[in-house]
Amino acid sequence: MAIRPKRIFAQTVKELTQLGRDRLTLTLAIGLPLILLLLFGFAVSLEVNKINFAIQDLDLTPKSREYIATFERTNKFNLVAIGPAINIPRLLDQGKVSAGLIIPPEFSRDLRRLGRNAEVQILVDGTDANTANIVRGYAKATTNAFVENLNGSKSLRVSLQSRLWYNPGLKSLQYIGPGAIVITVTLFPPLLAGLATAKEHEQGTIIQVYVSSLTGTEYLLGKAAAFWLVGMAEVLLVNIEAWLFFGLWFIGDSTPMILSSCLYIACGVFWGIFIGSSTKNQSSAIQAVSFTAFLLSLQLSGFTYPIANIPIALRWVPSLVPARYYIEISRDAYARGIGWLGVWFPVLTLILLTSFFFSLAWRKMQNMQIQS
Amino acid sequence: MKNTILDTILGSRFFALFTKEFAQIFRNRQLMIQLLLPPTVFLLLFGFALSPNFENLKIGITDYSHSSKSREFTEIFNQTKAFVISRYYANQQDMIADLATGKLTVGITIPPEFADDFARKRPIQVQALYDAVDANTASISSSYISQLVSDYNSRYSTASQTGLRNQIRLQTSVFYNPGLDTSWFIVSGIFGIILTTIGSQAAASLVVREKEAGTIEQLVMTPASNTEVILAKVCPLLILLTIDVLIALLVAKSVFGVPLRGNLVVFVAIAVLYFLVGISIGILIATYSKSEQQTQLTAFFVNPPLVLLCGATTPISSMPTFMQWLTYLDPLRYFTEICRGFLLKGVGLETLWPQVVILLSFAVVLMSLSIRQFRQQLG
């Protein structure tokens, strides 16, 4: 059976007209990504800065104050409570501080005696293991700095010369931003496509499609093209917004990003159509899309947590999530700038995944017509 | 006497509506599955898969010195779980190429004169290159590495002048999660996220479906008041969501070993209170929209901010200040604090009462708003 472009086009126009009539949906589909991008960009950060911190100073001597001043100078700690009478375990219970330091009364006396170790205690809230680890590291580094200052640091053997590449200012927006773009455009293409497909089943208009001379492939391509266009419009808007608010722009070859945007949106649309025609019911379609396309992409694409941390037994899950590859490509496009040499593999995988999702949806369409 | 109370309950309009809603939900197999399956699956998946910890960061080493001293130095990277040496390179160019494609997080270059300088006690410069695209990982690994190097330095200086230096010994006690098990953090946070998403979406779709099918007029024409109609809609959902919480608690305890330190009866009661908030949000959304599609899109408008601003997966203290202010408007933020308080810290109402009071006021305000909105639309 040949594919007739005219029919596909007609189907696309019908789909877009239908979408255009639903004002609220259209506004949400265009407006929501713009808000989501800001949220994702600004609210998602694992950076540990300004740790709420309490110091119980039982020593109250110039030395202990000097030690406290070292903590204040690092700008990693935000001193919430300080004094000899504060109750650190209580503050931890209430969640007001993430860590507390106790300086014992004999602190400066022990420091004055050569060769004797002064002991201080740090209490860390372990609920968030990541923050706890980092707080512990900062506290140790701060203490080391204080001790080195005390002793005069002439004895350094190896000195470290560090260089931070691609992002010398360590701006986390450079990292979070490209990921946020990806997650933002993840939701709507499959959601709208899934809803429209499920709606045809719910309202029975799918029967009209069966009766018409439209083939399954034409129906699929026509529907997909409509939502693909909506998705690409979103990509464009979101990119403009990211440039305005985050200052992100292509730093190298932009062709991998453009190509993979086309592929990624197509992936989502085909998946949405597949879900829609499998569930045949709008509310299930939404649940399915929001869990598979959105939650999985949000949590397992390496957007917030590194994929390397996922146990090997579960690694196959993120490898099926297209967002994972699209994020790699977008991070390269906006932050690293290597171009094709660095990202040919993720682009290739996206091509494979797109064909996979297409064949899923296509097979569903073929079966569907046989069933009815 | 007892009999008559039971009779009034069973004979009441509310109970009749309740039975109707209950039957409606239980007949809807798909909705049942949606309500009961994803929470468990996602709790398991995310609990196992998500970890914000930094482990096994890949280090590449170009050692131009090839001496026993330089090999001893590179040993320091094997001392923590944070790093794993992925490859030794013969020249720096190859290492830089791997850094560029993201195969390495850090590249270390040791100069040819390392052993020489070491013997003559001259200061040695070692170069560390970081792939800083991920600013956070880069800054964490750079602080790890400077810690390792400073440990290495102090090993050599204290060996030569034992006892002559002042030291401060830092004694760390980790509270609540001494094993620093990251799954505890994730599981206690995902709890609220899943229940909010499911609760509000299910409630919204139940209400809007009656609207779409036109059966809502029939409901309004019955002698039951709008409050009764809404409460009857809410109750079966509450029961299902409570079952969800019990399953989730079971999974948290048996699979992840989350300690569940607080009083669980009180916790479940607070959870039910929180569902009321979630369900009211759903009903409120449904009253504003005309179709299932609009409802769900609006739910997506409301749910992601709730989820992202609650501090369940990323610490609130790392957000910019204006975002931190917004988190105070997020009911899920308080529920997440309660979850962590009860399940991990083992504190009870005596510490968490402010959060409970806030949740209670959220529930009252949202519930009465949604009932009012419901009445206005149909009155």
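All figures in this text were calculated on a predicted structure; none of them were measured in a lab. (Residues numbered from 1 in each chain as written. Chains lettered and ligands numbered in written order. Predicted model: local features only at pLDDT ≥ 70, side-chain atom pairs only at ≥ 80, totals over all residues. Heavy atoms only, no water.)

Visitor: When you look at the overall build of chain B in this model, what are you seeing that I'm missing?
Guide: On a plain count of helices and strands, chain B comes out with 15 helices and 5 strands. The globule rule puts the C-alpha radius of gyration for 379 residues at 21 Å, and the 29 Å found for chain B is more than 25% above it. Along the first, second and third principal axes, the C-alpha set of chain B runs to 95 × 45 × 35 Å. When the accessible surface of chain B is summed, it comes to about 15800 Å², and 63% of that surface belongs to carbon and sulfur atoms. Across chain B, the mean location of the 28 positive side-chain charges is 4 Å away from that of the 24 negative side-chain charges. (Helix = DSSP H or I, 4+ residues; strand = E, 2+ residues; numbered from the N terminus. Rg over C-alpha atoms; globule rule 2.2 N^0.38 Å. Areas by Shrake-Rupley, 256 points an atom, 1.4 Å probe, with all protein chains shown as cover. Lys, Arg positive; Asp, Glu negative; His and termini not counted. Charge placed at Lys NZ, Arg CZ, Asp CG, Glu CD.)

Visitor: In this structure, what is going on with the overall build of chain A? I would like to understand it.
Guide: For chain A, the count of helices and strands is 15 helices and 5 strands. For chain A, the C-alpha radius of gyration of 28 Å lies well beyond 21 Å, the compact-globule estimate for 372 residues. Once the C-alpha set of chain A is aligned to its principal axes, its extents read approximately 95 × 45 × 40 Å. Relative to its full complement of 372 residues, chain A shows a buried share of 56%. Once local pairs closer than 6 in sequence are excluded, the contacts in chain A between residues at least 24 apart make up 81%. Of the accessible surface of chain A, which amounts to about 15400 Å², a share of 62% is contributed by carbon and sulfur atoms. (Buried < 20%, exposed > 50% of the residue type's maximum accessible area, 1.4 Å probe, protein only. Contact = heavy atoms within 4.5 Å.)

Visitor: Just checking my understanding: could you explain the pattern of salt bridges for this structure?
Guide: Note on pairing: side chains with opposite charge can pair once their charged atoms come close. Throughout the structure, instances matching the rule amount to 11 salt bridges over all chains. Salt-bridge contacts for A:Lys14 lead to A:Glu15; the nearest nitrogen and oxygen are separated by 3.3 Å. A salt bridge links B:Lys69 to B:Glu72, with the shortest nitrogen-to-oxygen separation between them at 3.4 Å. With B:Lys69 and B:Glu72 both in helix 4 (residues 68-74) and 3 residues apart, the pair spans about one turn of that helix. Since its relative accessible area comes to 26%, B:Lys69 is described here as partly exposed. With relative accessibility at 30%, the residue B:Glu72 sits in the partly exposed group. (Salt bridge = Lys/Arg side-chain N within 4 Å of Asp/Glu carboxyl O.)

Visitor: Explanation requested: a nonpolar patch on the surface in the structure shown.
Guide: A cluster of nonpolar residues, A:Leu236, A:Leu237, A:Ile240, A:Trp243, A:Leu244, A:Phe245 and A:Trp249, forms a patch on the protein surface that exposes about 750 Å² of accessible area. With respect to the element layout, A:Ile240 can be found in helix 10 (residues 216-245). (Patch = residues over 30% accessible without salt bridge, like charges linked within 9 Å, V, L, I, M, F, W, Y side chains within 5 Å.)

Visitor: What exactly am I supposed to notice about the interface of chain B and chain A here?
Guide: Interfaces are often sized by the accessible area lost when the parts come together. Each side of the interface is counted separately: chain B has 103 residues, and chain A has 111 residues. Here chain B and chain A share an interface that buries about 10100 Å² over both sides, 61% of which is from carbon and sulfur atoms. Counting across the chain B and chain A interface gives 1 salt bridge. Linking B:Lys345 and A:Asp125 is a salt bridge whose minimum nitrogen-to-oxygen distance equals 3.7 Å. (Buried area = accessible area lost by both parts, 1.4 Å probe.)

Visitor: Just checking my understanding: could you explain the nonpolar core for this structure?
Guide: Taken as a class, soluble globular proteins show a tendency for nonpolar side chains to be buried jointly. If you look at the biggest cluster of nonpolar residues, it comprises 175 residues, and the most contacted ones within it are A:Phe40, B:Phe191 and B:Phe267. With 16 residues, the single largest contributor to this core is helix 8 (residues 182-213) of chain B. Not counting the four nearest positions on each side in its chain, B:Phe191 is found in contact with B:Leu43, B:Val245, B:Ala248, B:Leu249, B:Ala252, B:Phe267 and B:Cys339. Core analysis: the second largest hydrophobic core is formed by 49 residues, A:Val48, B:Leu57, B:Phe77 and B:Val126 among them. (Core = buried A, V, L, I, M, F, W, Y, C linked by side-chain atoms within 4.5 Å.)

Visitor: Explain the confidence of the model for chain A to me, please; I cannot follow it from the model alone.
Guide: The predicted coordinates ought not to be read in detail in places where the model reports low pLDDT. Confidence in the prediction for chain A averages 82 pLDDT; 91% of positions are at 70 or higher. The element-level mean pLDDT for chain A is lowest in strand 5 (residues 158-165) of chain A, coming to 66, with helix 11 (residues 255-279) of chain A highest at 91. (pLDDT = per-residue confidence, 0-100.)

Visitor: Explanation requested: the state of the cysteines in the structure shown.
Guide: What is meant by a disulfide is a covalent connection between two cysteines, made through their sulfur atoms. One pass over the full model with this rule turns up 0 disulfides over all chains. A:Cys267 takes part in no disulfide bond, and the closest cysteine sulfur, belonging to A:Cys262, lies 12 Å away. A disulfide-free cysteine, B:Cys310 has its sulfur positioned 9.5 Å from the sulfur of B:Cys339, the nearest such atom. (Disulfide = S-S within 2.5 Å.)

Visitor: Hey, could you run me through unusual backbone geometry in this one?
Guide: Phi angles above zero are rare outside glycine, and A:Leu60 is one such case at about 55°. Among the secondary structure elements, A:Leu60 is positioned in the loop between strand 1 (51-57) and helix 3 (62-73). The phi dihedral of B:Leu260 falls on the positive side, at around 50°, and the residue is not glycine. Tracing the backbone through its elements, the reader meets B:Leu260 in the loop between helix 10 (226-254) and helix 11 (264-288).

Visitor: What is the right way to look at the packing of helix 8 (residues 188-203) of chain A against helix 11 of chain A in this model?
Guide: To describe two helices that pack against each other, one gives the angle between their axes and the distance between the axes. Residues and elements named next belong to chain A. Two elements in contact, helix 8 and helix 11, have axes separated by 7 Å at closest approach and are oriented at 30°. Taken together, the axes of helix 8 and helix 11 lie roughly parallel to each other. Where helix 8 crosses over helix 11, the two elements pack in a sense that is right-handed. Facing helix 8, whose interface residues are Pro189, Pro190, Ala193, Gly194, Thr197, Ala198 and His201, helix 11 presents Ile265, Gly268, Val269, Gly272, Ile273, Gly276 and Ser277. (Axes fitted to C-alpha atoms, helices over the stretch in contact; angles between N-to-C directions. Parallel < 35°, antiparallel > 145°, perpendicular 65-115°, else oblique. Left-handed = near helix turned anticlockwise from the far one by under 90°.)

Visitor: Can you walk me through helix 12 (residues 292-308) of chain B in this structure?
Guide: An α-helical turn contains 3.6 residues, so a residue and the one three or four places further along point in the same direction. Here helix 12 of chain B spans 24 Å end to end across 17 residues, near enough to the 24 Å set by a 1.5 Å rise per residue. Counting buried positions along helix 12 of chain B yields 15 of 17 residues, so the element is predominantly enclosed. (Expected span 1.5 Å × (residues − 1).)

Visitor: So what exactly am I meant to see when it comes to the side chain of A:Ser330 here?
Guide: Position of A:Ser330 among the secondary structure elements: in helix 14 (residues 322-336). What A:Ser330 contacts, discounting residues up to four positions off in sequence, is A:Pro178, A:Gly179, A:Val182 and A:Met257.

Visitor: Just to check I follow, could you spell out the packing of aromatic side chains for this structure?
Guide: What characterises a pair of aromatic rings is the spacing of the ring centres plus the angle enclosed by the ring planes. For the coordinates displayed, the defined rule picks out 29 aromatic pairs over all chains. When the centroid spacing of 6.1 Å and the interplanar angle of 85° are considered together, the rings of B:Phe83 and B:Tyr144 count as edge-to-face. Of the two residues, B:Phe83 sits in strand 2 (residues 83-89) while B:Tyr144 sits in helix 7 (residues 135-160), which places them 61 residues apart along the sequence. Grouped by ring-pair contacts, the aromatic residues A:Phe53, A:Tyr67, A:Phe71, A:Phe77, A:Phe107, A:Tyr138 and A:Phe146 constitute a single cluster. (Phe/Tyr/Trp six-rings, centres within 6.5 Å; stacked < 30°, edge-to-face > 60°.)

Visitor: Teacher, can you tell me more about the pairing of strand 3 (residues 106-110) of chain B here?
Guide: Regular strands place their side chains on alternate faces of the sheet. Residues and elements named next belong to chain B. Burial runs high along strand 3: 5 of the 5 residues are buried. In strand 3, alternate side chains face the same way, and those of Val106, Ile108 and Ile110 on one face and Gly107 and Thr109 on the other are all buried. Strand direction decides the pairing type here: strand 1 (residues 57-63) and strand 3, joined by 5 bridges, are parallel. Looking at the pairing, Ile59 lines up with Val106 of strand 3. (Pairing = 2+ DSSP bridges.)

Visitor: Honestly, the environment of A:Glu66 in this entry has me stumped. Any pointers?
Guide: Residues and elements named next belong to chain A. Assignment of secondary structure puts Glu66 in helix 3. Judged by relative accessible area, Glu66 falls into the partly exposed class, the value being 39%. Each C-alpha atom of the pair Glu66 and Phe146 lies 8.5 Å from the other, and the pair is 80 residues apart in sequence.

Visitor: What's the story with the pairing of strand 1 of chain B in this structure? I'm lost.
Guide: Residue and element names in this part refer to chain B. Counting buried positions over the 7 residues of strand 1 gives 6, a clear majority of the element. Pairing of strand 1 with strand 2 involves 6 bridges; the strand directions are parallel. The partner of Gly60 across the bridge, within strand 2, is Arg87. Crossover strand 1 to strand 2 through helix 4 is right-handed. (Right-handed = clockwise from strand over helix to strand, strands pointing away.)

Visitor: Any chance you could explain the environment of A:Asp332 here in plain terms?
Guide: Residue and element names in this part refer to chain A. Mapping Asp332 onto the fold places it in helix 14. By relative accessible area, which is 5% here, Asp332 ends up buried. For the pair Asp332 and Val343, spaced 11 residues apart in the sequence, the C-alpha separation amounts to 7.5 Å. Excluding its chain neighbours within four sequence positions, the residues that come into contact with Asp332 are Gly337, Ile338, Gly339 and Val343.

Visitor: What is the right way to look at the packing of helix 7 (residues 173-184) of chain A against helix 14 of chain A in this model?
Guide: Residues and elements named next belong to chain A. Where helix 7 meets helix 14, the axes come as close as 9 Å, and the angle between the chain directions of the two elements is 135°. Considering the angle they form, helix 7 stands oblique to helix 14. Along this stretch, helix 7 crosses helix 14, giving a crossing that reads as right-handed. Here Gln174, Tyr175, Pro178, Gly179, Ile181, Val182 and Ile183 of helix 7 come into contact with helix 14, specifically with Ala323, Tyr326, Ile327, Ser330, Arg331, Tyr334 and Ala335.

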